[in-house]
Amino acid sequence: MPRTGEPLGGSASPPIAAIGGVHRRCEGMGMTDERIRAFPNATGPVYFDEETNVYVVSSHEAAKKVLQDSGFSSDRADNLDLVARLGNMDELPSLVSAMLALFTDGPTHDRLRYHVARRFTPKRVAAMRPRVGAIIDAALDGVDGLDEFDVIADLAYPITVGIISEMLDIGVDGAAVVLGFASRIVAFMELRPTDRQLLDASEAARNCSLFLLPILTERRESPGDDLLSALLTMEIDGDRLLVEEVLTMVVLLMIAGHEAPAHFIANGVMALLANPPERRRLQENPYLYGAAVEELLRLHHPVNYLSRTATKDQVLAGHHLPAGSQVVVDLAAVNRDPARYQDPERFDMLRSDPGHLSFGTGVHYCVGRALGRLEAEETLRRLFGRFPDLTLADTDLTRRASATFHALDRLPVNPKPLA
Ligand code: HEM
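Residues numbered from 1 in each chain as written. Predicted model: local features only at pLDDT ≥ 70, side-chain atom pairs only at ≥ 80, totals over all residues. Heavy atoms only, no water.

The name an unreviewed UniProt entry gives the protein chain is Cytochrome P450, with Actinomadura rudentiformis as the organism.

Peer 1: How would you sum up the packing of helix α14 (residues 289–300) against helix α16 (residues 369–386)? Please name residues and give values.
Peer 2: For the pair α14 and α16, interaxial distance at closest approach is 9 Å and the crossing angle is 115°. Both α14 and α16 take part in a crossing whose hand is right-handed. In this structure, α14 contributes Tyr-289, Gly-290, Val-293, Glu-294, Leu-296 and Leu-297 to the contact, and α16 contributes Arg-373, Ala-376, Glu-377, Leu-380, Arg-381 and Phe-384. Counted by class, the contact of α14 with α16 contains seven nonpolar, one polar and four charged residues. (Axes fitted to C-alpha atoms, helices over the stretch in contact; angles between N-to-C directions. Helix = DSSP H or I, 4+ residues; strand = E, 2+ residues; numbered from the N terminus. Left-handed = near helix turned anticlockwise from the far one by under 90°. Contact = heavy atoms within 4.5 Å. Nonpolar A, V, L, I, M, F, W, Y, C, P; charged D, E, K, R; others polar.)

Peer 1: Tell me about the pairing of strand β5 (residues 305–310), and please be specific about residues and values.
Peer 2: Within β5, six of the six residues are buried, which leaves the element mostly enclosed by the surrounding structure. Alternating positions in β5 separate into two faces, Tyr-305, Ser-307 and Thr-309 on one and Leu-306, Arg-308 and Ala-310 on the other, with burial throughout. Bridge count between strand β3 (residues 72–73) and β5: two bridges; the pairing is antiparallel. Across the sheet, Ser-73 pairs through a bridge with Thr-309, a residue of β5. By the bridge criterion, five bridges tie β5 to strand β8 (residues 326–330) in an arrangement that is antiparallel. Bridge pairing in β8 places Arg-308 opposite Val-327. (Buried < 20%, exposed > 50% of the residue type's maximum accessible area, 1.4 Å probe, protein only. Pairing = 2+ DSSP bridges.)

Peer 1: Residues and numbers for the layout of surface pockets, please.
Peer 2: Its boundaries defined by the atoms lining it, the second largest pocket holds a volume of some 290 Å³. If you trace the second largest pocket, you find it lined by Arg-119, Arg-124, Met-128, Arg-131, Val-132, Ile-135, Ile-163, Glu-166, Met-167, Asp-225, Asp-226 and Leu-227. Of all the secondary structure elements, the ones that give two or more residues to the lining of the second largest pocket are α6 (129–143) and α7 (151–168). Of the residues belonging to the lining of the second largest pocket, the class tally is six nonpolar, no polar and six charged. (1 Å grid on protein atoms, 1.4 Å probe; cavity = no way out; pocket = protein on both sides within 12 Å on 5 of 7 lines; lining within 4 Å. Points joined across faces, edges and corners; volume = space filled by probe spheres on them.)

Peer 1: Please provide a residue-by-residue account of helix α8 (residues 171–185), values included.
Peer 2: At 3.6 residues per turn, the α-helix brings residues three or four places apart onto the same side. The end-to-end C-alpha distance of α8, which contains 15 residues, comes to 20 Å, matching closely the 21 Å that a straight helix rising 1.5 Å per residue would cover. Approximately 25° is the largest bend angle found in α8, and it occurs at Val-178. The set of residues buried in α8 consists of Gly-174, Ala-175, Val-177, Val-178, Phe-181, Ala-182 and Ile-185. (Expected span 1.5 Å × (residues − 1). Bend = angle between axes of the 7 residues up to and from the residue.)

Peer 1: Outline the coordination of the iron atom of the ligand, listing residues and values.
Peer 2: A lone protein donor binds the iron atom of the ligand: Cys-366 (SG), at 2.3 Å. For Cys-366, the location among the structural elements is in the loop between α15 (331–334) and α16. (Donors = N, O, S within 2.8 Å, 3.2 Å for Na, K, Ca; no water.)

Peer 1: Explain the pattern of salt bridges to me, and be specific about the residues and the numbers.
Peer 2: Evaluated as defined, the whole model comprises 25 salt bridges. Residue Glu-235 pairs with Arg-240 through a salt bridge whose shortest N-O separation is 3.3 Å. Ionic pairing is found between Glu-378 and Arg-381, a salt bridge with its closest N-O pair at 3.0 Å. In this pair, Glu-378 and Arg-381 are both assigned in helix α16, three residues apart and thus about one turn of the helix distant. (Salt bridge = Lys/Arg side-chain N within 4 Å of Asp/Glu carboxyl O.)

Peer 1: I'd love a proper account of the sheet that holds strand β9 (residues 391–392), names of residues and values included.
Peer 2: One open sheet holds the three strands; their spatial order is β4-β10-β9, and the pairing between them is antiparallel. Of all strands in the sheet, those bounded by a partner on one side alone are β4 (149–150) and β9. Here β4 pairs with strand β10 (residues 412–414) via two bridges, running antiparallel. Counterpart to Phe-149 in the pairing with β10 is Val-413.

Peer 1: Requested: an account of the sheet that holds strand β1 (residues 46–49), with residues and values cited.
Peer 2: Strand order across the open sheet formed by five strands is β1-β2-β8-β5-β3, with mixed pairing between neighbours. Each edge of the sheet is formed by a strand with only one pairing partner; in this case those strands are β1 and β3. Running at roughly 130° to β8, helix α1 (residues 60–68) makes contact with β1, β2 (54–57), β3, β5 and β8 of the sheet.

Rendered as structure tokens:
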């Protein structure tokens with residue numbers, strides 16, 4: 001049973017204050033940033049949650065070991081048991097399982113990742129900065145002149161969906177598909193999905209595939225200068241991806257490429273709205289936005305938990321974990337580990353001990369991290385540059401009823417002070 005006070009996938013999200021979550025208060029912010037917690041507070045670097053039979057990792061050092069050591073696998077097939085148990089299902093729908101295979105450790109994952117990562121190198125992403133800036137400016141043009149807009153629906157989604165759709169060159173129809181289907185497919189990443197969510201995710205994945213298949217076929221015949229064509233035609237040491245592999249990868253990129261970055265942007269805007277001194281400092285010193293993004297990632301990351309399975313007996317922070325144990329890395333605790341960070345709750349963009357695990361680490365280290373950083377940095381700089389008096393339009397905000405994503409349902413703002 002979920003412990004969040006609201007069944008995941010429930011129709012209405014609870015108000016933030018009503019969620020039995022942990023208060024994450026950042027000094028000087030004057031606002032709580034509560035996370036929906038799937039597990040109780042840390043009682044040490046590693047503890048065993050008896051209700052779900054999961055080891056929960058809260059220390060930075062132990063988290064790095066879990067994410068970097070090949071003795072902890074990201075094999076979702078192993079995790080199916082956990083997902084199914086938490087979601088009260090016997091097994092996952094087949095299309096969803098096929099997508100989860102992409103996260104699985106081993107040659108399939110490594111091969112796919114090798115192909116995809118070549119298109120997301122820091123150099124390639126840096127070259128995208130002008131185009132990313134233009135897409136952000138177009139989205140800002142769309143809200144300019146309004147008395148109120150929603151940072152998520154009117155800005156963050158159009159920006160992140162626009163960027164990934166343009167990279168794939170799937171046009172306006174494709175962007176609508178990303179927005180309509182990907183947000184449903186993302187349920188397979190939930191820690192505790194409901195049966196309904198998983199079936200819905202499976203149906204959305206099927207519809208997404210039906211939209212993409214003809215485009216893939218056409219692009220294979222006459223490739224363009226886009227990410228989709230590159231994935232279809234790229235040959236590394238004589239190895240090419242199969243059409244169905246590209247299809248699954250593209251669906252994953254559609255989801256990963258817009259959900260986490262969009263909600264991170266919104267979390268970042270809310271954190272800065274709640275922290276006028278730091279916001280002013282940024283507005284006066286716009287070159288600091290890059291450093292601010294790193295500190296925002298540490299404290300306001302959009303992904304809450306990363307899960308792994310021990311493939312052999314392990315010792316973790318003095319705990320003996322038998323092979324087959326399920327382990328969850330609690331990123332909110334790890335990024336605030338007092339053994340790693342001085343004054344961990346304080347927002348300090350120039351801290352002497354920077355760094356975070358918000359993109360993971362190890363073989364599954366986020367492929368799109370350079371792009372995610374760029375999108376957030378440029379959006380915050382351009383948003384607060386264009387609307388220096390931006391204020392929160394409504395303080396009655398709700399969080400998405402999700403254990404996996406730390407995401408607001410909406411973030412209404414006034415671009416100008418109301419007369
Ligand atoms: C602020 C933005 C983002 C955050 C916080 C984020 C977070 C993460 C995290 C935590 C993981 C690791 C999952 C694990 O270890 O189990 C991950 C993996 C991944 N991310 Fe991101 N992500 C972001 C943006 C993006 C973007 C923009 C893309 C692509 C366009 C992307 C594509 C991926 C992919 C493909 C993986 C799977 C990598 C693998 O398994 O080898 N992400 N992301």
